[in-house]
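# Observations on the three-dimensional arrangement
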Amino acid sequence: MLSPNSTFYPRPLGVTPAASLPQSPSAPLETSRQLVASDERDAPYFRSLEEVGIRLNGPQISAVRHGKGPLLTLAGAGCGKTTVLAARAGYLMEVSGAHAGSILLVTFTNKAATEMKDRIASLPGIRPAAARAVQARTFHSFALTLLRHYGVQEEIFGESRAQHTVLKMLLRQNGMSEAFQPESLLAMLSAWKMQGSETNDLPEKSQEERDAKRVLLGYEAWKRDRNKMDFDDILLRAAALLRDPAVLGPLQQRFQYIMVDEFQDTNSLQYEIVQKLAAAHRNLMVVGDDDQTIYTFNGARQESILEFDKVYPGARIVTLDINYRSDARILGLGSELVARNKRRRDKRLRAAGHRGDAPRFATPSNAEEEAAWVVNQLCQQVEEGLHTYRDIAILHRTASSSRAIFEQLVLKDVPFVQHGASPVFYDQSLIRPLMDHMRLSLNPRAMDALPSALGPLYVSRDAGLEWIQRSEEQQAKKYPLIHLAKWDKLKPFQQEQVKERIKLIKSLTKLKPVIAIQEMRRQFYDKYMESGDPSIFTHYKETMLETLDEFEAAAKKFETVEEFIQFADELSRRHREMESLRRAQDSDAVQLMTIHRAKGLEFPCVYWIGASEGIVPHSTALRQDIPEDQKAALTVQQTDAELDMALEEERRLAYVAITRAKQYLYVTSPASHHGKPADVSRFLLEAFGMEVPDKRKKREDNSTGNHASYGSGSSNWKGNGNTNGKANVNESRNGNAAYARSGSRPQGRDAVSPVQRGADQRSAIRQSDRRDFEVLDEREEDRLGERRGSGVIRNHTAFSTTGISQTTSSSSSSGSHSSGAERTETVAIWKCSSSTCKAWLRQKPDGASAKSSKKATSGPPPCPLCSGTMEAGTRKVPVTSRFGR
């Protein structure tokens, strides 16, 4: 039974009561009104900004006034970098006399580019024509316009699902249907291209590399034959075009002032494009925060910021260090946490935001209890009027770590937006085959469960299904899968595997769900998923194993396979019903997203879940803590330097999570993760001045008791007496870097992005290109499962307490639904008998399962939220197409 009430404390578990909460100093109150004297040449410009409410602080004024030459602007979280970029564009036009068309401002998303244009257009004194002439573009938009200007007419092939379909076809044609995952191949190809390399140069040392290269060369040929190019091709071809002096020269002459936003996210190809454009005049202003470099898996290079003054000697460095977003204690926690990183530029943020509340911490027993605590608390906050749903964000590390919180939100009728619109956990492509095997154990003739059962048998799904259907027409079988045992296209050992698989399927219904999953993994599934070269697909495998472990954890609370399948199908059904009631983006709904996706956003109240060892920091960054005998068994060895860099990126990720909160921050650290004990994240403990021993050094020194035992459950932490973390930072603010480095800076490129041609070419980007860029916005910032998107709003009103008879689409003008009332139907449900629990489940129709257990038919199931008793009832729900089995 879950604990009914959560308890949040002022310190994380393991921190001594004597430890004080870090707090950022208050920022000075002076603005341009006091800092810019009336007799200064540019005073009229700053006075006009003040009239419209833009009062810049000292560092912001310094950045806005910068004229010619390279400038690195270190923009801390919530320090007003967008305001600075827009104000500098206005300053260049109004004070420095620069032509609007000579200004190129490059960022990463269409949304950011549009916001920048709007900000510039709203500046006082800026004429509409001048605002339009400023080239505020995404990297891809700039690159595509350049290509279109020089006659490149290929269509954009950017929809991920279509790309996967093509790769699956090519894998089948090459006899490698089960060898590689399409998303892994695409990620590898993208990373290769973003280094500026051609597909023909892909490595081919091992057989797996040769196989992967053959498929990817086929993918490139497929695109070529159909006159298509993907988003990576746009950047790669634009960079190649800029190597022609006849192309580059006019662009350098035109764009005299170049500004780059989110500079820490640039990769090698994007940096190359920027460097070439700015090479003639060096009038380059880059804005970014090395403490928010969290996309290295996507090619982002922290060295872009750390070594900027080495690439551009004499560059000015301005630090925007006044935060207008967060409470001083929230900001202090984040600043103290990230200060432990060694590879960073030193900056200590000062607070100027509205006062809120001190961060609060909790240690639930596991993810299930964590989800219950968080949802109970946020519901109470909304009921008491402290927040609206839209004020609240729940941030998690990986897609699989949101499973428990997703279920609680759905079952408790809380409206929420799941950014990325990923499917219900149990419908994911990795989980579905295991779910379908259990469905077949309940109903062996569940024909829609057969396709995903064929893959693990290494049988072509299309051909296998065709054979089964043809055989069924001649003679129906209780287990249609048995027809494969007589298929002459299968070898004898494969036919035997079919028989063994049917025996396993028959046995599953007698097992507890978690045991059934473990048995399937042991007998065939882990081996089936472990295909491909581990040196290429390590990231995918790490994610895969984590998801499967989460699947086992989810199954533990169910006693029978039938209960588990019924719960999963109910969750999927209600998820579909909620999607059918999607409303406008400004709906009152909780925001559920990964930390990666939350970057650049802010919320009055943030719940950061999963702040435990193995989650944040992720287990892949903690291999330094694995005993040497176990580390030797890993598929891919990592050096200590690589692990240190991975750990620092995890710390930056924690910093991003904390600094999304404006006034309220709640951090939960489950005491167990996938059934194994988990300590409170070392990052939180370090921020409170606690020393986390380096286990590698401890093993090397073979010490016996000189360090506190991390994870012992006691509070015998050794405080360092220094909570500012400056001992780990060796760089002064003047830009003379003395930070630690590992390896040399890669030669050559650093910039994949899009550049735009000019006012006379603004129409060059076609409507189809614009639609493709909308797809790109979702894909580019969320590769490898972290996609940013508009999200899916799930409306709770159709699933509130009994008595609501009809849901109207009054907001249809801003949504996708027609006006008028939603059609509803009355269904039989099980509802929790507790007056404080709103859980309900749709009753399974009679005859839905060919094999119902005695336990399932003897009475209602236990409540999935509070484990209490449930009772029969009815409920009106929206009419949707039938889903599930």
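Note that this is a predicted model, so its numbers are computed, not measured.

### What about the overall build of the chain?
A count of helical and extended segments in the chain gives 32 helices and 22 strands. Looking at the chain residue by residue over its 885 residues, the buried ones come to 56%. Here the contacts in the chain between residues at least 6 apart in sequence split such that 80% fall between residues at least 24 apart. Total accessible area on the chain is roughly 36,600 Å²; 48% of this is exposed by carbon and sulfur atoms.

### Overview of the packing of aromatic side chains
Given two aromatic rings, their pairing is described by the distance between the two centres and the angle made by the two planes. What the rule picks out here adds up to 26 aromatic pairs. Between Tyr426 and Phe564, the aromatic rings sit 5.5 Å apart at their centres with planes inclined by 85 degrees, giving edge-to-face as the arrangement. Separated by 138 residues along the polypeptide, Tyr426 in the loop between strand E13 (416-418) and helix H19 (432-442) and Phe564 in helix H25 (residues 561-579) bring together distant segments of the chain. Of the two residues examined, Tyr426 and Phe564, each falls in the buried class. Aromatic side chains Phe524 and Tyr525 sit 6.1 Å apart centroid to centroid with 85 degrees between the ring planes, which places their arrangement in the edge-to-face category. Tyr525 shares its class with Phe524; the two are buried. Counting every residue linked through ring pairs, the aromatic cluster contains Phe425, Tyr426, Phe551, Phe558, Phe564 and Phe567. Positioned above the aromatic ring of Phe524, the side-chain terminus of Arg501 is 3.7 Å from the ring centre. Over the ring of Tyr479 we find Lys506; its NZ or CZ atom is 5.0 Å from the centre of that ring.

### A short note on the side chain of Thr594
Position of Thr594 relative to the elements: it lies in strand E14 (residues 590-594). Note on Thr594: relative accessible area 6%, which makes it buried.

### Some words on the confidence of the model for the chain
Of all residues in the chain, 75% attain a pLDDT of 70 or more, and the chain-wide mean is 79. Ranking the elements of the chain by mean pLDDT puts strand E19 (residues 792-794) last, at 31, and strand E6 (residues 257-260) first, at 97.

### Re helix H2 (residues 43-51)
For H2, the full list of buried residues reads Ala43, Tyr45, Phe46, Ser48, Leu49 and Glu50. At the C-terminal side of H2, Gly53 shows a positive phi close to 90 degrees.

### Side note on the pairing of strand E15 (residues 603-608)
Summarising burial for E15: six of the six residues are buried, a large majority. Relative to strand E16 (residues 661-668), E15 is paired through five bridges, and the arrangement is parallel. If you follow Trp608 over to E16, its bridge partner there is Val667.

### So, the nonpolar core
In this structure, Ile120 and Trp608 are the most contacted members of the largest nonpolar core, which totals 85 residues. Leaving out residues up to four positions away in the same chain, Ile120 has contacts with Ala86, Ala89, Met93, Leu105, Ile126, Ala131 and Val134. The next biggest cluster of nonpolar side chains, apart from the first, holds 58 residues, and it includes Val414, Phe416, Phe425 and Tyr525.

### Here we look at helix H17 (residues 367-383)
Over its 17 residues, H17 extends 24 Å from the first C-alpha to the last, a length consistent with the 24 Å expected when each residue adds 1.5 Å. Taken across its 17 residues, H17 has 13 buried, putting it largely inside the fold. Measuring from the backbone nitrogen of Glu368 back to the side-chain oxygen at the start of H17 gives 3.1 Å, which picks out Asn366 as the cap.

### Examining the sheet that holds strand E8 (residues 316-320)
Ordered in space as E3-E2-E6-E7-E1-E8, the six strands form an open sheet in which the pairing is parallel. Looking at strand neighbours, the two that pair on one side only are strand E3 (135-138) and E8, the edges of this open sheet. For this sheet, the mean inter-axis angle between neighbouring strands, taken without regard to orientation, is 15 degrees. When strand E2 (residues 103-107) meets E6, the two strands line up parallel, connected through four bridges. The partner of Leu104 across the bridge, within E6, is Ile258. The strands that helix H7 (residues 139-149) touches are E2, E3 and E6; relative to E3, the one it contacts most, it runs at about 100 degrees.

### Focus on the pattern of salt bridges
Under the criterion given, the structure shown has 55 salt bridges. Salt-bridge contacts for Lys347 lead to Asp290; the nearest nitrogen and oxygen are separated by 2.6 Å. On the criterion of sequence distance, the pair formed by Lys347 in the loop between helix H16 (328-338) and strand E10 (350-351) and Asp290 in the loop between strand E7 (284-288) and helix H14 (303-306) is long-range, its members being 57 residues apart. Owing to a relative accessible area of 0%, Asp290 belongs among the buried residues under this scheme. Arg397 is the salt-bridge partner of Glu650, the closest N and O atoms lying 2.8 Å from each other. One end of the pair, Glu650, is in helix H28 (residues 640-658); the other, Arg397, is in the loop between strand E12 (392-396) and helix H18 (403-411), with 253 residues separating them in the sequence. Residue classification places Glu650 among the buried positions, given a relative accessible area of 6%.

### Structural notes on the environment of Glu208
Within the secondary structure, Glu208 sits in helix H10 (residues 207-225). Considered as a pair, Glu208 and Phe180 are 28 residues apart in the sequence and their alpha carbons are 9.4 Å apart.

### Points about the environment of Ser460
You can see Ser460 is positioned in the loop between helix H20 (451-454) and helix H21 (461-474). Sequence-wise, Ser460 and Arg172 are 288 residues apart; in three dimensions their C-alpha atoms are separated by 8.3 Å. Among all residues touching Ser460, those that are not within four sequence positions of it are Leu454 and Leu465.

### As for the environment of Ala611
With respect to the secondary-structure elements, Ala611 resides in the loop between E15 and helix H27 (628-631). When its relative accessible area of 0% is taken as the criterion, Ala611 is described as buried. C-alpha separation for the pair Ala611 and His396, spaced 215 residues apart in sequence, amounts to 8.7 Å.

### Remarks on the packing of H7 against helix H11 (residues 231-241)
For any two helices packed against each other, the geometry comes down to the angle between their axes and how far apart the axes lie. Direction vectors running N to C along H7 and H11 enclose 60 degrees, while the axes themselves pass 9 Å from each other. The angle between H7 and H11 places the two elements in the oblique class. H11 is crossed by H7, and the crossing has left-handed handedness. Contacts between H7 and H11 involve Phe139, His140, Ala143, Leu144, Leu146 and Leu147 from the first element and Phe231, Ile234, Leu235, Arg237, Ala238 and Leu241 from the second. Class assignment of the residues belonging to the contact of H7 with H11 gives a composition of 10 nonpolar, one polar and one charged.

The rules we used
Chains are numbered independently. Their residues run from 1 in the order of the written sequence. The model is predicted, so local features are restricted to residues of pLDDT at least 70 and side-chain atom pairs to those at 80 or more, both for listing and for counting; the totals for chains, interfaces and linings are taken over all residues. Side-chain numbers come from the whole structure's heavy atoms, not from hydrogens or water. Helix and strand definitions here come from DSSP, where helices need a minimum of 4 consecutive H or I residues and strands a minimum of 2 consecutive E residues; each element is numbered from the N-terminal end. Relative accessibility decides the category of a residue: with a 1.4 Å probe and only protein chains considered, values under 20% of the type maximum give buried, values over 50% give exposed, and everything between is partly exposed. Whether two residues are in contact is decided by their heavy atoms, any of which lying within 4.5 Å being enough. The protein chains shown are the only cover counted for residues, whose accessible areas, like all others here, come from Shrake-Rupley with a 1.4 Å probe. Any pair of Phe, Tyr and Trp rings, taking the six-membered ring for Trp, is counted once the centres come within 6.5 Å. Such a pair is stacked with planes under 30 degrees apart, edge-to-face with planes over 60 apart, and tilted for the rest. Here, over-ring charges are defined by two tests on the NZ atom of lysine or the CZ atom of arginine: distance to the ring centre within 6 Å, and angle to the ring normal within 35 degrees. The predictor attaches a confidence to each residue, and that confidence, scored 0 to 100, is pLDDT. Strands qualify as paired when DSSP identifies two bridges or more between them. As used in this record, nonpolar core signifies buried Ala, Val, Leu, Ile, Met, Phe, Trp, Tyr and Cys residues forming a set joined through side-chain atoms within 4.5 Å. The span you would expect from a helix comes to 1.5 Å times its residue count less one. Polar contacts, as counted here, are pairs of nitrogen or oxygen atoms within 3.5 Å of one another; within protein the pair requires one atom able to donate a hydrogen and one able to accept it, and residues that are adjacent in sequence qualify only if both atoms are side-chain atoms. Note on geometry: axes are C-alpha line fits, over the in-contact stretch for helices, and angles between N-to-C directions span 0 to 180 degrees. A side-chain nitrogen of Lys or Arg and a carboxyl oxygen of Asp or Glu constitute a salt bridge if their distance falls within 4 Å. When an angle is under 35 degrees it counts as roughly parallel; over 145 it counts as roughly antiparallel; between 65 and 115 it counts as roughly perpendicular; any other value is oblique. Take the far helix as the reference: if the near one is turned anticlockwise from it by less than a right angle, the crossing is left-handed, and if turned clockwise, right-handed. Amino acids outside the nonpolar list (Ala, Val, Leu, Ile, Met, Phe, Trp, Tyr, Cys, Pro) and the charged list (Asp, Glu, Lys, Arg) are all regarded as polar, and Gly is one of them.

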